[in-house]
Amino acid sequence: MSRPIVTFLSDFGHADWFVGVVHGVLHTLSPDAHIVDLSHEVPPAQVARASFMLEAAAPDFPPGTVHLAVVDPGVGTARRALAVSAHGQSFVGPDNGLLEWAFCSPEAHVHAITDPRFMRGPVSRTFHGRDVFAPAAAALANGESVSSLGPRVTDPVRLPAHEPEKRGDALVGHVVFVDRFGNALTNLTASALAGAFGDRAPDSAYDVDVLERTIHGLSRSYGDAPVGTLVALLGSSGRLEIAQVGGPAAVRLGLGEGDAVRVRPHR
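**Here's the deal with helix H2 (residues 47-57)**
Here is step 1: Where burial is concerned, most of H2 is hidden: eight out of the 11 residues are buried.
Here is step 2: For H2, the full list of buried residues reads Val47, Arg49, Ala50, Ser51, Phe52, Met53, Leu54 and Ala57.

Put into structure tokens, the structure is as follows:
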């Protein structure tokens, strides 16, 4: 039998002991678990950014993986702690929209974490990552079901939906994430483009408008043009990206999360 996988995503950073302590709890309660750190460099309290990172990463893990996500500005308040079964995997985190991708599954089962058997006592008011979420993730890795952790939840907090919009002959979306290379990822997915323009359109059939710039056609890779060229391409996440060959497009353009990106047929 293979070792269970627990991923860990947080805004804890690496300057303090918080990440290591959560690892310690996971190893104590589920010693066979293989822990994978997705990232701990989420900007503090940036729930939407962390939610996107979880959505981008989770599909690359096998069925049965447990995803522990802790970006929790409401720690110690009345906000609920949740465990979700969805997409063939399990998710643990605060009820603040962080687990949005899990909620999107038609088969999602959402439960509050309330059973003290699956908590580390006494529960701190300020460190639920250690005392609530990590023990729950360990329990799921050990074979417990999400339903054993507490009652069913039918009204989890959801993030606002921002789907691309068809406006005339164009599909309009926005930047949702800027990675460390300065590439700007959008909510314009390959499936959205296919739905708007047909899945057989050649890459040269599109123009991409962003901040008064127009990029003609889609490139196949980051290096598919001379150095310094702005390019648009479908990246590994299946989303349209704005990039610069050999440099950070976001810095060059002053591009940030929320900025509009428009795709239209080439004229």
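Moving on, there is more to tell.
**Things to note about the packing of aromatic side chains**
Here is step 1: Scanning the model with the defined rule gives eight aromatic pairs in all.
Here is step 2: Seen from their ring centres, phenylalanine 18 and phenylalanine 127 are 5.6 Å apart, and the 80 degrees between their planes marks the pair as edge-to-face. Linking phenylalanine 18 in helix H1 (residues 18-29) with phenylalanine 127 in the loop between strand S6 (109-112) and helix H4 (128-141), this pair joins segments that are 109 residues apart in sequence.
Here is step 3: With relative accessibility at 25%, the residue phenylalanine 18 sits in the partly exposed group.
Here is step 4: Considering the side-chain rings of phenylalanine 91 and tryptophan 101, the 6.0 Å spacing of their centres and the 70 degrees angle between planes classify their relative orientation as edge-to-face.

**Section: H4**
Here is step 1: For H4, built from 14 residues, the straight-helix expectation of 20 Å at 1.5 Å per residue is met to within 8% by its first-to-last C-alpha distance of 18 Å.
Here is step 2: The largest bend in H4 amounts to roughly 30 degrees and is located at alanine 134, with the proline proline 135 lying one to four residues further along.
Here is step 3: Most of H4 sits out of view: 13 of its 14 residues are buried.
Here is step 4: Glycine 143 sits one or two residues past H4 and shows a positive phi near 110 degrees.

**Topic: the nonpolar core**
Here is step 1: Grouped together as the largest cluster of nonpolar side chains are 29 residues, with contacts concentrated most on Leu26, Leu68, Val92 and Ile113.
Here is step 2: Counting residues per element, this core draws most heavily on H4, at nine residues.
Here is step 3: Not counting residues up to four positions away in its chain, the partners in contact with isoleucine 113 are Ala81, Leu82, Ala83, Val92, Met119, Val132, Phe133, Ala136 and Leu149.
Here is step 4: The next biggest cluster of nonpolar side chains, apart from the first, holds 26 residues, and it includes Ala58, Phe91, Leu98 and Leu185.

Scoring rules and cut-offs
- Residues numbered from 1 in each chain as written.
- Predicted model: local features only at pLDDT ≥ 70, side-chain atom pairs only at ≥ 80, totals over all residues.
- Heavy atoms only, no water.
- Buried < 20%, exposed > 50% of the residue type's maximum accessible area, 1.4 Å probe, protein only.
- Helix = DSSP H or I, 4+ residues; strand = E, 2+ residues; numbered from the N terminus.
- Phe/Tyr/Trp six-rings, centres within 6.5 Å; stacked < 30°, edge-to-face > 60°.
- Expected span 1.5 Å × (residues − 1).
- Bend = angle between axes of the 7 residues up to and from the residue.
- Core = buried A, V, L, I, M, F, W, Y, C linked by side-chain atoms within 4.5 Å.
- Contact = heavy atoms within 4.5 Å.

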